[in-house]
Every structure is written in structure tokens, then in C-alpha cells.
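# Architecture and fold: a report
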Amino acid sequence: MTKPALVRGTRDFGPAQMAKRNYIFDTIRQVFQRYGFAPLETPTMENLSVLMGKYGDEGDQLLFKVLNSGNFSEKLTETDWQEGYKKLTPKISEKGLRYDLTVPFARYVVMNRGELAMPFKRYQIQPVWRADRPQKGRYREFYQCDADVVGTDSLICEAEIVLMLHEVLRGLGLENFTVKINNRKVLSGIAEVIGALGQETTLCVAIDKLDKIGQEKVEAELRERGFSDETILKLQPIFKLGADHTTLFNDLRTWLATSEIGLNGITELEKVWQLVAQFGLQNPQMELDLTLARGLSYYTGAIFEVKANGVQMGSISGGGRYDNLTGTFGMPGLSGVGISFGVDRIYDVLEELGLFSENQAVSTQVMLTNFDEVAQSYGLNVLRQLREAGINAEIYPEATKLKKQFEYADRKHIPFVLIIGSEEIRTGQLSLKNLKTGEQQKTDLEQVKAILIQ
RNA sequence: GAGAUUGUAGCUCAGUUGGUUAGAGCGCCGGAUUGUGAUUCCGGAGGUCACGGGUUCAAGCCCCGCCUUUCUCCCCA
């Protein structure tokens, strides 16, 4: 016999955790559906040809690969082994676990293009896997909750993402958050204006770290990567511009006046603010954050990130617009925009802020005791009537000591125990005990149902 | 991929410079109480000290390897 253990970076979710997780999933799902997104599920495994090359070299390394079935080494030669794992891998593995939900989604859209109502709005809630080294808030198996729209450039999609973010988080009781927004075109404009066109990725990677490592270290990193002092000097406004979006838009227009793409980006951002206002969102918690870049290179327009304030936690949600996502599957020119909720982090935030309601874990409302065969037979009939009345009920499966039965109910946090013994059967007056208050009363079944339904 | 860190009962953790039989709290099981949980009292079970080597008369403790926990870097949301 071997000691059981979990695979590194994976977790079990017990009943108590599942109740909370389902509450988060349900909230997110409801909002997605209210906004017209349709559900989609894709297989756990994809062909490596679909996954490889979509996430960069690092990403390819982080893919879990599945060994071919059967005699995978049958056709291998001695030289195959000697050439190293990079050349060996494709010869023994052709499938991998999905790394995110966006690429499988793109694959699905391309394969079903003829049948989809465009623009296509889908949501997808499934686990993804990454062969990363686990650390805080980072696992090898975790859930993503994505909602994406493909097939339209309309900024209404961006605005609706902002609205959904507000609705989900407020629906979860999380009031203190900030939806940070930026636009890749503005970042391109900045690169153009400071004379670093073509080095946007380097610029973005560095700027993205601003709130983490500070201005000086960002400048140092840029210098190290070949940015001149003059270029860095021209970048200074990014560190100084205020947070108020109305004046910020004006200041930006002045700064990026010579960059057409930059001005386009500003216009897009303003439009999103305008659409959200037209919708009438109460008290929008949006912030234009020029330092928001995110690592993903495929974002081309809006960029989103959500920060829960008052807790030590990375972003709990992120997304953006990506043009041409389906291009690598032979379907160019399709623009998409999407958002992804990080359930695991939201869970931690809600836990830390004490925002889960207490009776989340309650499932069974009443447990029937089991004295002997006669009482059990009587109890089963009562049990049916309780369940027909919509009450979550169970009967203790064995006729053991009452003490043991009560302990079971107590450990399961079942609020009521219905005691059915010979006396109760004779009189029809059942004993209902409230385990929280310790009170016990004798009453008929109709009254029991009335009490439990409250 | 690099660095640090952790692992002892079901859980949380003690365990002295290497020294006889590895402990505590909680939990679990049984009883006090054959119709009443959470509180009380009594008793009991439970350990390959992560795993594999090595040093030593002697290893939970020292050395090497390996897995694992947590964290940082890289990277990624």
C-alpha cells in the first residue's frame, strides 16, 4: 500500500469549499448569461499542433503533454534519444492539456464558422493546466471563467465587459475594487512619440512592473534593454499624469498629438467611458492606468485588469481585445474581446474580507433519526413528504445509538433533527429538535414542514 | 529553469550537543448515559519521524540524493 498524495500544484475541494466556489461560479454564470453569452465547453486535451506556438517559447514549456497511447517508443531509434527532449517530444506526444480557454475557443470558432451567429458571444468555465512551479495564488490546475465576443469591433463589447465586472463583483458583495483600463494603441502611441517604435513589447513589460518595482527600476530596466537617456526622458509624462480621466484624456492628446495610432487609442478609451455612462452604471469604479500593459502580446486594443482594494492580492480578473486571434488557424481578420475571472483569487479575497455568508455550506435542513425497522419504515414515508415539500432532508441510514446520530447531524451542521420513535409513531406528534438553540417540540408533520420551510 | 524553505499521530506542532521506550493539544474510538449533539468525567487506539542511501557503537537530529510544502527570481494571469 502506498501513501496517497496529491499531484503537485493541485487541490481537492471539500464540501465546504465547493459550496463557496459554486456560489462564485453561479454568480459569474448568471451575469454572463444575462449579457447574452452562451455556454461552451471544449475538451481537456487538444492536439499539440493547436496549442504549440500560441503562448511563446516559455508557454510551450509550460504545456502538459500527454504521452501517446500504446507502444509510444516502438519507432524510436537510438539517435532520437540522443537528440534531446525537444526533438523527442513530438515523436512520443501529440496531445496536451489545455493551457487557457482562449485558444480552444479560437479553434472552435474556426471549425464552426459556418454555423455561428456572428458576432459570437460565448462563456466558458473550465479548468486549465500549466506545468508551472506552484506558488502563492498560482496552481498547476485552476479554473478560468471566460467571456468573449468575436466578430465585431464595436466598443459596446468593451463597455459591457466593464459592466459585467461591476455586476459580478458587486453581486459577490465585493464593493471595493478598481477596474483598470488601458489601450494598447495608446502604448503604441507612446512608443512612437518617444522614438521607440517597434520596441513596444520591451516597453510594456517594463512599464507593467511600475507599481511593483517603482519608477527608478523601470528606467533602469529600459536602459539595460537599450533605451537611450533621451528616450527615457521623453517617457517622463507617463509617471506624472494624473488619475482623473477627463483631464488625463486632454493631457494625453497633447502628449501624443503626433501619433495617429495613439490618438485612436485615446478616442477608443473615451468612447468606452461614454458608453458606460449612457448605460447608466451607478458609481463606475473605472480608472485609466497607462502603466497597465499585461504581458500578453496578442492584445491590440483595450486592456482590462481588476484589483481588489484593501487586500494583498494580484489582479482578480483580466482581459482585453485581440485582433486576428483566429488568424493562426486560417481565419484572419476576426477581432475579439474578452474577460477572464480568476476564481481562486476571488475566493481568497472573499475569504479574507469575510464576505461569504455563513449558511453557504448548509445543505441538509433536517435529519430523521433511525431507531429500528418500524421507525425507519415510518420515517421513510415522512422523508418522502418532506422532500416533496422541497425540504432538503435525509434519514440516518443505520439504527445505531441516538448519540451517534446526533453527532452526525451536528458535524454536518444540519439545523434540525426529527426524532421518530415508538411514542411519536403512536401519537403522530413528532419531536423536532433545533440543534442551534437546543429547543425541542412535539408537533405534527404539517407543522414540521411549516417550520422547516421558513 | 535558479535560489531559499518545509516535512514527526487524522490535524496543528514540541522533541536539548547524536544517547534507553518519540511527546502535547485537538480530533478519533469506547464507556459514564440502551431516546438526545455541541459542554463534563474516565479509558483506549493510533508513528516506516516523507522516501532512498551514507557516517556512527548509536540518527527524528549529521552528510548525499530524491519527492513534497511555502516563498522569491524568471515567466505568466
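Given the structure is predicted, the values throughout are model-derived calculations rather than measurements.

## Remarks on the sheet that holds strand 14 (residues 416-419)
Across the sheet, five strands lie side by side as 13-12-14-15-16; this open sheet has mixed pairing. Two strands in the sheet have a free side with no partner beyond their single neighbour: strand 13 (393-395) and strand 16 (440-443). Going across the sheet, the axis of each strand differs from the next one's by a mean of 25°, ignoring polarity. When strand 15 (residues 430-434) meets strand 16, the two strands line up antiparallel, connected through four bridges. Within strand 16, the position partnered with serine 431 by the bridge is lysine 442. Where helix 17 (residues 373-388) meets the sheet, it contacts strand 12 (366-368), strand 13, strand 14 and strand 15, and its direction lies at approximately 170° from that of strand 13. Packing against the sheet, helix 20 (residues 445-453) makes contact with strand 12, strand 14, strand 15 and strand 16, and its axis sits at approximately 135° to strand 16.

## So, helix 16 (residues 343-353)
In an α-helix there are 3.6 residues to a turn, and that puts residues three or four apart on one side. The complete set of buried residues in helix 16 reads Val343, Asp344, Ile346, Tyr347, Val349 and Leu350. Buried residues in helix 16 make contact with helix 1 (15-34), strand 6 (141-150), strand 9 (302-308) and strand 11 (336-342).

## Looking at the pairing of strand 11
Burial analysis of strand 11 places six of its seven residues in the buried class, which makes it a mostly covered element. Bridge analysis of strand 6 against strand 11 gives seven bridges, and the strand direction is antiparallel. Looking at the pairing, aspartate 146 lines up with serine 340 of strand 11. Alignment of strand 10 (residues 317-322) against strand 11, held across six bridges, turns out to be antiparallel. Looking at strand 11, one finds that tyrosine 322 is bridged to glycine 336.

## Brief notes about the sheet that holds strand 3 (residues 65-67)
What links the strands of a sheet is backbone hydrogen bonding, and the strands pair in either a parallel or an antiparallel sense. Spatial strand order, 2-4-3: three strands in an open sheet with antiparallel pairing. Pairing within the sheet leaves two strands with one partner each, and these edge strands are strand 2 (45-47) and strand 3. For this sheet, the mean inter-axis angle between neighbouring strands, taken without regard to orientation, is 45°. Pairing of strand 3 with strand 4 (residues 93-97) involves three bridges; the strand directions are antiparallel. Considered in strand 4, the bridge of lysine 65 is made with glycine 96. Contacts from helix 5 (residues 85-92) reach strand 3 and strand 4 within the one sheet, and its direction differs from that of strand 4 by about 90°.

## As for the packing of aromatic side chains
With the rule as written, the count across this model stands at eleven aromatic pairs. Centroid distance phenylalanine 249 to tryptophan 273: 5.6 Å. Interplanar angle 85°. Geometry classified as edge-to-face. In this pair, phenylalanine 249 is assigned in helix 14 (residues 245-255) and tryptophan 273 in helix 15 (residues 260-279), connecting sequence segments 24 residues apart. Relative to phenylalanine 356, the ring of tyrosine 347 has its centre 5.4 Å away and its plane inclined at 55°; by these criteria the two rings are tilted. The burial state of tyrosine 347 is the same as that of phenylalanine 356; both residues are buried. Within the aromatic cluster, the residues linked to one another by ring pairs are Phe32, Phe37, Tyr123 and Phe341. Directly above the ring of tyrosine 139 sits arginine 11, whose terminal nitrogen or CZ lies 3.5 Å from the centroid.

## Focus on the confidence of the model for chain A
Mean pLDDT over chain A: 87, with 96% of residues reaching 70 or higher. Element-level mean pLDDT values for chain A span from 73 in helix 4 (residues 78-82) up to 96 in strand 1 (residues 38-39). For this predicted complex, the interface confidence comes out at an ipTM of 0.81, alongside a pTM of 0.86.

## Points about the pairing of strand 10
Across the six residues of strand 10, six count as buried, placing the element largely inside the fold. Across the two faces of strand 10 the burial is the same, with Ser317, Gly319 and Arg321 and Gly318, Gly320 and Tyr322 all buried. Of the pairings in the sheet, the one linking strand 9 to strand 10 comprises four bridges and is antiparallel in character. In the strand pairing of strand 10, phenylalanine 304 is matched with glycine 319.

## Examining the pattern of salt bridges
Considering all chains together, one arrives at 20 salt bridges under this definition. With its nearest N and O atoms 3.3 Å apart, the salt bridge here joins glutamate 446 to lysine 449. Placement of both glutamate 446 and lysine 449 in helix 20 is noted, with a separation of three residues, approximately one turn of the helix. Beyond isolated ion pairs, a larger network of salt bridges with shared partners links Arg11, Arg21 and Asp344.

## Looking at the environment of leucine 235
Structurally, leucine 235 can be placed in the loop between helix 12 (229-234) and helix 13 (237-240). Expressed as a C-alpha distance, the spacing of leucine 235 and glutamate 219, which sit 16 residues apart in the sequence, is 9.5 Å. Apart from residues lying up to four places away in sequence, leucine 235 is in contact with Ile190, Ile194, Leu203, Ile207, Leu222 and Trp255.

## Quick look at unusual backbone geometry
At the junction of methionine 118 and proline 119, the peptide bond is cis and its omega measures out at -5° in the coordinates. Within the secondary structure, proline 119 sits in the loop between helix 6 (102-111) and strand 5 (120-129). With phi around 45°, asparagine 283 is a residue other than glycine that occupies positive phi space. Residue position: asparagine 283 is located in the loop between helix 15 and strand 8 (286-288). Overall, the relative accessible area of 56% leaves asparagine 283 in the exposed class. Phi at histidine 413 is positive, roughly 55°, even though this residue is not glycine. With respect to the helices, strands and loops of the structure, histidine 413 is situated in the loop between helix 18 (402-411) and strand 14.

Cut-offs and rules
Residues numbered from 1 in each chain as written. Chains lettered and ligands numbered in written order. Predicted model: local features only at pLDDT ≥ 70, side-chain atom pairs only at ≥ 80, totals over all residues. Heavy atoms only, no water. Pairing = 2+ DSSP bridges. Helix = DSSP H or I, 4+ residues; strand = E, 2+ residues; numbered from the N terminus. Axes fitted to C-alpha atoms, helices over the stretch in contact; angles between N-to-C directions. Contact = heavy atoms within 4.5 Å. Buried < 20%, exposed > 50% of the residue type's maximum accessible area, 1.4 Å probe, protein only. Phe/Tyr/Trp six-rings, centres within 6.5 Å; stacked < 30°, edge-to-face > 60°. Lys NZ or Arg CZ within 6 Å of the ring centre and 35° of its normal. pLDDT = per-residue confidence, 0-100. Salt bridge = Lys/Arg side-chain N within 4 Å of Asp/Glu carboxyl O.

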